[in-house]
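An overview of the molecular structure
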Amino acid sequence: MTTAPTPVPTTPAATVPGGGAGASATATTTTPTPRRRPPARLGGASWLATVPLLLFFLIGFGLPTVAIVIGAFTASSDAEAGAGQFTFDNLTASVQGGYLTAMLSSLKLSALTALLATVIGLPIAQAVVTSRRGWLRQAVLTASGVLANFGGLPLAFAFVATLGNAGEITKLLHLTDHGWSLYSFTGLTVVYLYFLIPLMVLTITPALDGLRTQWREAAQNNRATTVQYWRHVALPILLPSLLGGFVLLFGSAFAAYATAAAMVGATVPLVSRSIADALSGNVLVGQGNLALALSLNMIVVAVLVMAVYLPLQRRSARWLS
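Residues numbered from 1 in each chain as written. Predicted model: local features only at pLDDT ≥ 70, side-chain atom pairs only at ≥ 80, totals over all residues. Heavy atoms only, no water.

**Describing the nonpolar core**
As a reminder, the rule being used: By nonpolar core we mean a set of buried residues, namely Ala, Val, Leu, Ile, Met, Phe, Trp, Tyr and Cys, connected to one another through side-chain atoms within 4.5 Å. Each residue gets one of three labels from its accessible area relative to the maximum for its type: buried under 20%, exposed over 50%, partly exposed in between, using a 1.4 Å probe on protein chains only. Helix numbering and strand numbering both begin at the N terminus, where a helix is a DSSP run of H or I of at least 4 residues and a strand a DSSP run of E of at least 2. Here, two residues are considered to be in contact whenever any of their heavy atoms come within 4.5 Å of each other.
Leu-188, Tyr-192, Ile-204, Leu-208, Leu-211 and Met-263 are the most contacted members of the largest nonpolar core, which totals 58 residues. Secondary structure elements with two or more residues in this core: α4 (97-130), α6 (153-163), α8 (185-209), α9 (213-221), α10 (226-255), α11 (258-263), α12 (271-280) and α13 (288-320). If we ignore the near neighbours within four places in the chain, the residues touching Met-263 are Ala-156, Phe-159, Val-160, Leu-182, Tyr-183, Gly-187, Leu-188 and Val-191. Residues Ile-68, Phe-73, Leu-91 and Leu-296 belong to the second largest nonpolar core, which totals six residues.

Spelled out as structure tokens, the structure:
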């Protein structure tokens, strides 16, 4: 008995283009390789969304900065001689005498308050992050957002009414007998901490949230104590964020003006007060451009602060993202 062969399916012949009459080839089916789409590029219309921001930056920051730089190297228009001429006298005077003292005092106050706020704010933020009560976290963060932006005359009045020479707490605890004075460098430090500590809590909380539970469990499995965990694991990871928060607090304290002006006046020399005195002519007449030179010094300090803050922020994001 003969078995019939099993028919094998064949693919239809396809004519090869350009092969002439009768030229044929077996067509093969191939799956096309998917191609990656090139990254989308911003078109001309997409850049229009950034125009308002660029205009705001140009008008609000660019033009004033240019005016300050030009004025810092120009003699004041109400000067006795050489009005409007190019000069280095403004910058030279801004780093001498009482102006140098005011700059050093501002740097000292900013560094001290930023350091204290960093040290105090970290454990507060850690207690909030590890708390099992959600309402406590929300309450602390909300209060921190309010207090971090509370300053100026209202803050000065609040402290004068409570810790001033005739303040309620001063009289209750007899602080004057112990040498306490709100209108001093120490008193101004306490006032600055009132809004710098909440700002530090807001700054460091996202970094603390980024600490993974697996890191703590791994440390515990290796019999590490809590102190060892913080010393060898948590603090090295948080160090860029802590330094970035310190720099941010330093810049905030360095730029503060209204609270110190309303509370201590000229008792504590600050560069912001020196700028106001030079503009108003309280010390010498014709020193308007000297105030611009002092402002230029503050801009240089702010640029240095940002130059330190931005790399630290990027480095901390690598670990905590």
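**Looking at the environment of Leu-172**
Locating Leu-172 in the fold gives a position in helix α7 (residues 168-173). Classification of Leu-172 by relative accessible area gives exposed; the value is 64%. For the pair Leu-172 and Thr-162, spaced ten residues apart in the sequence, the C-alpha separation amounts to 9.9 Å.

**Some details on the side chain of Ser-274**
For Ser-274, the location among the structural elements is in helix α12. Apart from the residues within four sequence positions on either side, Ser-274 is in contact with Tyr-99, Ala-102 and Leu-294.

Structural measurements only, silent on function.
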